[in-house]
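# Structural description and commentary
Here is how the chains run, residue by residue.
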Amino acid sequence: MANYQYDESGVLASYFALTFLTLILIPLTFSFLPSRQEPTLKNVCNCSECEAKEARMKRSKSRSIFKPRLGVKSLSTIGGWALFAFLCYKIATTEVNSKPYDPFEILGLGHGTAEKEIKRHYKKLSLKFHPDKVKLAENQTMEEVEAHFVELTKAYKSLTDEEIRNNLEKYGHPDGKQEFSMGLALPTWVVESKNNFWVLGAYGLLFAGLLPMLVGRWWFGSRKMTKDGVLGATAQLFFKNVREDSSPETLIYLLARAWDIEQGSTFNSAASEPALAKLEAAVKEIVGDSYGKTAKIPTTQGTVATRRALALLYAHLLRIQIQDSSLQQELDLLLPATQTYLGSMVSMALAHNWLACTSSIMHLHSYIVQATFPGSNPLLAYPSVTKDEAKLGDGGVVSYIKALEDKHDPRAEIIQRVADKWGHLQVIDPQFKVIGERIVTPGAIVQLVFKLRLTPPTQAPTEPATELTPEQRKQEIREEDAFLTGKEDTAALLPGLQVPGYVHAPYYPANRKPSWWVMIGDQKMNRVIVPPIRVTDVPYANPSKAPKDYRMYKLQFQAPPQVGVYTFQLAFVSDTFVGEDVRMFLPLKVEELTSDDEQDQEDEISEPDEDTLAGQMAAMRGEKVKKSPYHGDGSDDESSTDDDQSSGSSGSSSDSDSDSD
């Protein structure tokens with residue numbers, strides 16, 4: 001019969017807790033270690049603006065030894081390791097009596113001692129440790145003395161008494177077969193009757209209170225967030241206020257309101273009020289009274305965060321330097337958050353299929369990244385370009401660089417380096433295709449296949465050096481067909497091509513990797529026909545790899561149900577580069593299958609292969625069959641040989657007939 005023993009010393013419970021902590025602490029600790037992978041993305045320039053941004057980012061991420069930034073995760077990890085160390089110390093210092101029963105060790109004799117010597121030694125011990133002979137020490141009790149003497153007597157008998165010795169040899173214990181003992185990793189006080197109320201209360205609090213609270217908090221917290229990563233209240237704000245004709249100023253104001261809803265209570269320092277008032281005055285000096293009228297700045301209590309966020313956004317877009325450190329810290333958190341808010345705005349605009357509004361929201365991404373006010377000259381995105389100097393580059397960045405070179409301005413070299421990696425998109429051969437069809441039929445699944453590459457404005461567009469040979473053209477068609485029927489929407493990057501890394505964005509408080517939205521719309525109706533997809537890792541043009549220095553992408557949608565020619569607008573909108581949109585009109589012709597096309601399809605389906613049993617049966621009936629790709633040539637040769645032989649034999653027979661005549 002099993003004997004269950006509770007853990008009096010707490011060793012088993014310590015081992016259990018130690019194992020549990022190990023499973024949690026090791027992965028949690030590894031999450032703090034920096035990645036071993038070398039960063040493959042680097043900035044494209046070393047201008048003073050980018051260098052200042054990098055230095056500011058490093059300072060914000062650096063942690064002082066005297067003022068460490070410890071969050072909940074860090075404190076939990078430190079506390080876990082402290083508890084781990086305490087449990088290890090407890091296990092190491094707790095005596096555990098798990099040794100096998102050894103009577104020689106108890107009596108203080110060596111193994112193999114003769115029985116006569118054992119008896120003599122036991123007499124000495126009995127005279128010394130008999131309860132009647134022992135004088136109790138300071139912290140010693142009579143029960144301890146008696147237990148020790150019983151243990152000595154039992155060890156002596158196990159070596160001298162034949163029956164007890166047999167029990168020892170057979171069962172490992174002088175008392176014979178022992179009960180099976182199983183330790184439970186629970187201390188005794190857990191099951192003591194006097195602690196029942198507290199133990200049951202703790203279990204009830206854990207399983208009936210704390211656990212439902214955590215699950216409910218997770219559930220209702222997740223329901224507050226939309227799929228775009230914003231709170232439901234923020235999405236409701238966008239749904240009510242985003243309109244088909246929303247101006248950029250209105251969208252900026254909505255961003256400030258969204259920040260108030262999401263994070264407004266986090267930043268509410270009265271110490272920055274003078275700096276905020278000074279910042280608002282600087283903004284109004286540039287944009288005039290339209291700042292207050294367009295933005296509709298609220299003045300009621302509880303909307304201070306909206307006012308502060310609006311001033312920070314305008315200061316960022318107008319490149320007004322912020323002196324207050326708390327305002328600068330808030331702006332560094334606000335700007336990355338605007339990308340999430342704008343994504344939710346795009347979803348709201350797409351719910352109504354508003355083409356112009358969707359494009360305006362997408363453009364606001366690049367305006368915020370490059371810190372340029374909507375409608376400003378795109379040249380302001382380049383380093384060290386002022387508003388007055390941007391007028392010199394009315395012909396583009398190339399003419400501006402030429403003007404600087406004529407003045408021997410050292411900025412020309414820096415701007416040239418940035419322009420050499422600028423995201424000027426080139427779209428190659430966009431086509432509407434249907435798998436297995438030559439034409440687009442009503443309601444068919446259409447694939448828009450297009451090729452992209454980046455041709456910087458300082459580089460001439462890549463043109464094919466020579467025309468493709470027929471074999472090369474066939475290979476290209478096979479590759480396009482394989483990509484068309486594949487599952488991936490982005491083709492593999494061809495060897496030798498380079499994609500953009502972190503681009504020039506000195507005013508944005510994070511590294512930025514560019515991407516583009518691709519969507520199909522109807523400009524006349526101001527409607528989005530096909531929702532946008534986002535593409536990234538577009539390769540730079542490489543003349544040595546021309547003409548295949550591009551990457552293929554595809555966009556799937558369903559063709560209109562009516563026959564006709566639809567003139568769609570194919571739009572490519574950058575989320576990083578200002579003024580680098582590409583728009584083109586692409587006609588889609590939807591037509592019904594002709595009788596010839598239907599007959600060809602029926603023939604293709606009905607004719608069996610020559611090598612199959614159905615094909616052989618059809619050939620015996622005189623019906624058409626598909627020629628075998630393996631035996632077609634041989635069959636022709638054999639049939640021609642047979643024809644020659646038959647004609648030769650017929651000629652011989654005719655000659656013999658004539659001779660007989």
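The model shown is predicted, which means the values in this text are computed figures rather than measured ones. (Residues numbered from 1 in each chain as written. Predicted model: local features only at pLDDT ≥ 70, side-chain atom pairs only at ≥ 80, totals over all residues. Heavy atoms only, no water.)

Next up on the list: the overall build of the protein chain. For the protein chain, the count of helices and strands is 22 helices and 9 strands. Counting every position in the protein chain, which comprises 661 residues, the buried fraction comes to 36%. Restricting to contacts in the protein chain with at least 6 residues of sequence separation, those with at least 24 account for 68%. Of the accessible surface of the protein chain, which amounts to about 40300 Å², a share of 56% is contributed by carbon and sulfur atoms. (Helix = DSSP H or I, 4+ residues; strand = E, 2+ residues; numbered from the N terminus. Buried < 20%, exposed > 50% of the residue type's maximum accessible area, 1.4 Å probe, protein only. Contact = heavy atoms within 4.5 Å. Areas by Shrake-Rupley, 256 points an atom, 1.4 Å probe, with all protein chains shown as cover.)

A cluster of nonpolar side chains, namely Tyr203, Leu206, Phe207, Leu210, Leu211, Met213, Leu214, Val215, Trp218, Trp219 and Phe220, defines an oily patch on the protein surface of about 1200 Å² accessible area. Tracing the backbone through its elements, the reader meets methionine 213 in helix 8 (residues 196–224). (Patch = residues over 30% accessible without salt bridge, like charges linked within 9 Å, V, L, I, M, F, W, Y side chains within 5 Å. Salt bridge = Lys/Arg side-chain N within 4 Å of Asp/Glu carboxyl O.)

Once that is clear, we can look at the packing of aromatic side chains. One pass over the structure, following the stated rule, counts 12 aromatic pairs. Three or more aromatic residues joined by ring pairs form one cluster here, namely Tyr382, Trp422, Trp516 and Phe577. Over the ring of phenylalanine 32 we find lysine 73; its NZ or CZ atom is 4.8 Å from the centre of that ring. Here lysine 421 stacks its cationic end above the ring of tyrosine 540, 4.8 Å away from the centre of that ring. (Phe/Tyr/Trp six-rings, centres within 6.5 Å; stacked < 30°, edge-to-face > 60°. Lys NZ or Arg CZ within 6 Å of the ring centre and 35° of its normal.)

Here the focus is the sheet that holds strand 7 (residues 551–558). Ordered in space as 3-4-7, the 3 strands form an open sheet in which the pairing is antiparallel. In this open sheet, the two edge strands, each paired with only one partner strand, are strand 3 (425–433) and strand 7. Between one strand axis and the next, the sheet turns by 20° as a mean value, whatever way the strands run. Sheet analysis places strand 4 (residues 445–454) next to strand 7, joined by 8 bridges and oriented antiparallel. Across the sheet, phenylalanine 450 pairs through a bridge with tyrosine 553, a residue of strand 7. Packing against the sheet, helix 19 (residues 470–485) makes contact with strand 3, strand 4 and strand 7, and its axis sits at approximately 50° to strand 7. (Pairing = 2+ DSSP bridges. Axes fitted to C-alpha atoms, helices over the stretch in contact; angles between N-to-C directions.)

Here the focus is the side chain of glutamine 426. Note that glutamine 426 resides in strand 3. Separated by 2.7 Å, the side chains of glutamine 426 and threonine 455 make a polar contact. (Polar contact = N/O pair within 3.5 Å; in protein donor to acceptor, adjacent residues only side chain to side chain.)

Moving on to the nonpolar core. Core analysis: the biggest nonpolar cluster contains 58 residues, and Phe238, Leu255, Tyr341, Met345, Ile361 and Leu364 have the highest contact counts within it. For this core, the elements supplying multiple residues, two or more each, are helix 9 (232–241), helix 10 (248–263), helix 11 (273–287), helix 13 (304–317), helix 14 (325–351), helix 15 (355–370), strand 5 (515–522) and strand 8 (564–574). The element best represented in this core is helix 14, accounting for 11 residues. Within the second largest apolar cluster, 46 residues are counted, among which are Trp422, Val535, Tyr540 and Leu586. (Core = buried A, V, L, I, M, F, W, Y, C linked by side-chain atoms within 4.5 Å.)

In spatial order, the strands read 6-5-8-9; together these 4 strands make up an open sheet with antiparallel pairing. Only two strands of the sheet have a single partner each, and these edge strands are strand 6 (527–536) and strand 9 (582–590). Between one strand and the next, the sheet's axes are offset by a mean angle of 20°, whatever the strand orientation. Docked against the sheet, helix 15 engages strand 5, strand 6, strand 8 and strand 9, running at close to 165° with respect to strand 5.

Within the element layout of this structure, lysine 554 appears in strand 7. As a buried residue without a salt bridge, lysine 554 has its nearest oppositely charged side chain in aspartate 489, at a separation of 4.8 Å. A distance of 3.0 Å separates the side chain of lysine 554 from the backbone oxygen of phenylalanine 483, its partner in a polar contact. Within polar-contact distance, the side chain of lysine 554 engages the backbone oxygen of leucine 484 at 3.2 Å. Residue contacts for lysine 554: discarding those within four places in its chain leaves Gln447, Leu448, Val449, Phe450, Phe483, Leu484, Gly486, Glu488, Asp489 and Ile533. (Lys, Arg positive; Asp, Glu negative; His and termini not counted.)

Take the pairing of strand 6 next. In the sheet, strand 5 pairs with strand 6 via 7 bridges, with the strands oriented antiparallel. By the bridge assignment, glycine 521 is partnered in strand 6 with valine 528. What sits between strand 5 and strand 6 in their antiparallel hairpin is a turn of 4 residues, with asparagine 526 showing a positive phi close to 55°.

Between the first and last C-alpha of helix 11 there are 21 Å, a value that for 15 residues agrees with the 21 Å anticipated at 1.5 Å per step. Among the residues of helix 11, those classed as buried are Leu276, Leu279, Glu280 and Val283. Taken end-on, helix 11 shows its buried residues confined to a sector of 100°, consistent with a single buried face. Exposed positions of helix 11 whose direction lies more than 90 degrees from the buried face are Pro274, Lys278 and Glu285. (Expected span 1.5 Å × (residues − 1). Arc of directions from axis to C-beta.)

Among the secondary structure elements, glutamine 562 is positioned in the loop between strand 7 and strand 8. Between the C-alpha atom of glutamine 562 and that of glutamate 592, which follows or precedes it by 30 residues, the distance is 9.4 Å.

With that settled, consider unusual backbone geometry. Located in the positive-phi region is asparagine 353, a residue other than glycine, with phi close to 60°. With a relative accessible area of 33%, asparagine 353 lands in the partly exposed category. Here the phi dihedral of aspartate 429 falls at roughly 50°; this positive angle occurs in a residue that is not glycine. Secondary-structure assignment places aspartate 429 in strand 3.

Taken as a whole, this structure holds 20 salt bridges when the rule is applied. Linking arginine 583 and aspartate 581 is a salt bridge whose minimum nitrogen-to-oxygen distance equals 3.9 Å.

Another point: the packing of helix 9 against helix 14. Two numbers describe how helix 9 lies on helix 14: the axes approach to 10 Å, and their chain directions differ by 50°. Accordingly, the angle class assigned to the pair helix 9 and helix 14 is oblique. As for the relative orientation of helix 9 and helix 14, their crossing is right-handed in sense. Contact residues: Ala235, Phe238 and Phe239 in helix 9; Tyr341, Ser344, Met345 and Met348 in helix 14. (Parallel < 35°, antiparallel > 145°, perpendicular 65-115°, else oblique. Left-handed = near helix turned anticlockwise from the far one by under 90°.)

Chain-level statistics for the protein chain give a pLDDT mean of 79 and a share of 77% at 70 or above. Scored below 50 in pLDDT, residues 295–302 makes 12 contacts in the model with residues more than four places away or belonging to other chains. Under a pLDDT of 50 for its full length, residues 632–661 has, in the predicted model, 1 contact with residues more than four places off or in other chains. (pLDDT = per-residue confidence, 0-100.)

Between helix 11 and helix 13, the shortest axis-to-axis distance is 9 Å and the interhelical angle comes to 50°. In this view, helix 11 runs oblique relative to helix 13, as classed from their interaxial angle. Judged by the sense of rotation from one axis to the other, the crossing of helix 11 with helix 13 is left-handed. Across the interface between the two elements, Glu273, Leu276, Leu279, Glu280, Val283 and Val287 from helix 11 touch Arg307, Arg308, Ala311, Leu312, Tyr314 and Ala315 from helix 13. By residue class, the composition of the contact of helix 11 with helix 13 is 8 nonpolar, no polar and 4 charged. (Nonpolar A, V, L, I, M, F, W, Y, C, P; charged D, E, K, R; others polar.)

A separate point is helix 14. The end-to-end C-alpha separation of helix 14 is 40 Å, in line with the 39 Å expected for 27 residues at 1.5 Å each. At alanine 337, helix 14 shows its largest kink, close to 30°. Taken from the residues just after helix 14, asparagine 353 is the one with a positive phi, measuring 60°. (Bend = angle between axes of the 7 residues up to and from the residue.)

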